[in-house]
Amino acid sequence: MTQSSRSLHSDRRIFGRAQQDHILDPYQVQHKPTEPTVCSGCGAVYHRGRWHWGPAPQDAARGHCPACRRTADALPAGIVKLHGEIALARKDQIVGLARNEEKVEKSEHPLNRIMAINTVEDGIEIFTTDIHLPRRLGEAVKRAFHGELDLHFDQAGYFVRVDWHPAG
Ligand SMILES: [Zn+2]
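On a predicted model such as this, the values are computed, not experimentally measured, just so you know.

Trainee: When you look at the sheet that holds strand E2 (residues 45-47) in this model, what are you seeing that I'm missing?
Mentor: With mixed pairing, 4 strands are arranged side by side in an open sheet as E3-E2-E1-E4. The open sheet is flanked by strand E3 (50-52) and strand E4 (61-63), the only strands paired with a single partner. In this sheet, neighbouring strand axes are inclined to one another by 35 degrees on average, regardless of whether the strands run parallel or antiparallel. Both strand E1 (residues 37-39) and E2 contribute to a ladder of 2 bridges, which runs antiparallel. If you follow Val38 over to E2, its bridge partner there is Val45.

Trainee: What is the right way to look at helix H4 (residues 66-73) in this model?
Mentor: Since the α-helix turns once every 3.6 residues, residues separated by three or four places project in the same direction. The complete set of buried residues in H4 reads Pro66, Ala67, Cys68, Arg70 and Thr71. If you follow the buried residues of H4, they end up packed against helix H3 (26-29), E1 and strand E6 (114-120). One or two steps after H4, the chain reaches Ala74, where phi turns positive at roughly 55 degrees.

Trainee: I would appreciate a short explanation of the sheet that holds strand E8 (residues 148-154) in the present structure.
Mentor: Think of a sheet as strands paired side by side through backbone hydrogen bonds, with each pair either parallel or antiparallel. A sheet is described by the order of its strands in space; here 5 strands give the open sequence E6-E7-E5-E9-E8, paired in mixed fashion. Each edge of the sheet is formed by a strand with only one pairing partner; in this case those strands are E6 and E8. Shown here is a sheet whose adjacent strand axes are inclined to one another by a mean of 15 degrees, direction ignored. Across 7 bridges, the pairing between E8 and strand E9 (residues 159-165) is antiparallel. Its bridge partner being in E9, Glu148 is matched across the sheet by His165.

Trainee: Would you mind showing me how to read the confidence of the model for the chain here?
Mentor: In low-pLDDT regions, the fine details of the predicted coordinates are not to be read closely. Taken as a whole, the chain shows an average pLDDT of 87; of its residues, 86% reach a score of 70 or greater. Note on residues 1-15: pLDDT under 50 across the span, and 9 contacts to partners over four residues away in sequence or across chains.

Trainee: What should I look at first to understand the pairing of strand E5 (residues 78-83) in this one?
Mentor: Each regular strand displays side chains that alternate between the two surfaces of the sheet. When E5 meets strand E7 (residues 123-128), the two strands line up antiparallel, connected through 6 bridges. Paired with Leu82 across the strands is Ile124, a residue of E7. Of the strand pairs in this sheet, E5 and E9 are connected by 5 bridges, and their pairing is parallel. Its bridge partner lying in E9, Val80 is registered against Val162.

Criteria and cut-off values
Residues numbered from 1 in each chain as written. Predicted model: local features only at pLDDT ≥ 70, side-chain atom pairs only at ≥ 80, totals over all residues. Pairing = 2+ DSSP bridges. Helix = DSSP H or I, 4+ residues; strand = E, 2+ residues; numbered from the N terminus. Axes fitted to C-alpha atoms, helices over the stretch in contact; angles between N-to-C directions. Buried ≥ 20, exposed ≤ 12 C-beta atoms within 10 Å, placed from the backbone. Contact = placed C-beta atoms within 7 Å. pLDDT = per-residue confidence, 0-100.

Below, the structure written as structure tokens:
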């Protein structure tokens, strides 16, 4: 019986953060590290089934956390696209804003991070390692610059896309 996991996924519906938490990151599911493990990339520690910040126990195994593996694979779980001339003109401010939001999110959730920030032809793209940070980034930009936010969750997979457009 190989169909059971697929039909489970198709029944999922998403309304908010609590529901999103039921969507499992394949990077976390496929690979359960031994406990304790310390990430060679970022220093996060896997203990009691979760990744934390903190000192690594002396006997900790070495490995890579899901966020560092995603970053190495250049496979984002979230994309925030900030559209328009204003995004390009105010890039330094927007990047500062995004980094501040990331810092707060990451202190509580070590796997929620910005992977990359790229300037593209018509705006800025921010790639994240998780599906929660994009919404937070989009809302911070909207608070600072107003405009419109669109959120799209991929209900079958672990992926979210947020688009911000400046007001008319
Ligand atoms: Zn790591």
